[in-house]
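This is what each chain is made of:
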Amino acid sequence: MTRLAENSTLMRDGLRARGFNTLASSTQIIPIVVGSPGKTLEFARELREKGLFAVAVRPPTVPSGVSRVRLSVMATHESADLNWALTVFEEAGRESGIL
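Report follows, based on the coordinates. None of the values given here were measured: they were computed from a predicted structure.

**A short note on the overall build of the protein chain**
On a plain count of helices and strands, the protein chain comes out with 3 helices and 3 strands. The linear arrangement of helices and strands in the protein chain, starting from the amino end, is α-β-α-β-β-α. At 13 Å, the protein chain has a C-alpha radius of gyration in line with the 13 Å of a compact globule built from 99 residues. Its C-alpha atoms give the protein chain principal-axis dimensions of roughly 35 × 25 × 20 Å. Within the protein chain, contacts between residues separated by at least 24 positions form 62% of all contacts whose residues are at least 6 apart in sequence. Looking at the protein chain as shown, the accessible area adds up to about 5,300 Å², and 54% of this sits on carbon and sulfur atoms. Positive and negative side-chain charges of the protein chain, numbering 12 and 10 respectively, have mean locations separated by a distance of 8 Å.

**Focus on the pairing of strand E3 (residues 67–72)**
Here 6 bridges tie strand E1 (residues 29–35) to E3, and the two strands are oriented antiparallel to one another. Paired with Ile32 across the bridge in E3 is Val69. Taken together, the 3 bridges between strand E2 (residues 55–57) and E3 define a ladder with antiparallel strand orientation. Looking at the pairing, Val57 lines up with Arg68 of E3.

**Observations concerning the nonpolar core**
For soluble globular proteins, nonpolar side chains are generally found buried alongside one another. Of all hydrophobic cores here, the largest spans 20 residues; its most connected members are Met11, Leu15, Phe43, Leu47, Leu71 and Phe89. Residue assignment for this core shows that the elements contributing at least two residues are helix H1 (3–17), E1, helix H2 (37–49), E3 and helix H3 (79–95). It is H3 that provides the largest number of residues to this core, a total of 6 residues. In this view, Phe43 contacts Phe20, Ile32, Val34, Val69, Phe89, Ala92, Gly93, Ser96 and Ile98; residues no more than four positions away in its chain are not counted.

**Some points on the environment of Thr22**
Within the secondary structure, Thr22 is located in the loop between H1 and E1. Taking the C-alpha atoms as reference, Thr22 lies 12 Å from Ser67; in sequence the two are 45 residues apart. Excluding residues that lie within four positions of it along the chain, Thr22 makes contacts with Arg12, Leu15, Arg16, Ile30, Pro31 and Ile32. In terms of polar contacts, Thr22 uses its side chain to reach the side chain of Arg16, at 2.6 Å.

**Some words on H3**
Helix length check: H3 (17 residues) gives 24 Å between terminal C-alpha atoms against 24 Å at 1.5 Å per residue, within 8%. Buried within H3 we find Leu82, Ala85, Leu86, Val88, Phe89, Ala92 and Gly93. On an axial view of H3, the arc spanned by its buried residues comes to 165 degrees, and they lie on one face. For H3, the exposed residues set more than 90 degrees away from the buried face come down to Ala80 and Arg94. Among the structural elements, H1, E1, H2 and E3 are those in contact with the buried residues of H3.

Conventions used here
- Residues numbered from 1 in each chain as written.
- Predicted model: local features only at pLDDT ≥ 70, side-chain atom pairs only at ≥ 80, totals over all residues.
- Heavy atoms only, no water.
- Helix = DSSP H or I, 4+ residues; strand = E, 2+ residues; numbered from the N terminus.
- Rg over C-alpha atoms; globule rule 2.2 N^0.38 Å.
- Contact = heavy atoms within 4.5 Å.
- Areas by Shrake-Rupley, 256 points an atom, 1.4 Å probe, with all protein chains shown as cover.
- Lys, Arg positive; Asp, Glu negative; His and termini not counted.
- Charge placed at Lys NZ, Arg CZ, Asp CG, Glu CD.
- Pairing = 2+ DSSP bridges.
- Core = buried A, V, L, I, M, F, W, Y, C linked by side-chain atoms within 4.5 Å.
- Buried < 20%, exposed > 50% of the residue type's maximum accessible area, 1.4 Å probe, protein only.
- Polar contact = N/O pair within 3.5 Å; in protein donor to acceptor, adjacent residues only side chain to side chain.
- Expected span 1.5 Å × (residues − 1).
- Arc of directions from axis to C-beta.

Written as structure tokens, this is what we have:
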């Protein structure tokens, strides 16, 4: 398995274990379904304030009801970076009411 695939699996599995919906993602571009556009923007803002950048994607780019944030995992990410990101996702998810 390549480093990119390992990193992507670590992130996807970690997000799913924390209760996030990553759809059927199997690549390094991982969606996290939030639902409403407003809640998605709030979640993306919480992440950004904690130092993590994830793009908010809302209608008309995606269908109504499945707004999401999208992140990209890279081969150059270290395991410690990804574990930190998972902690940030969980904190922001709780603070914004997604988890």
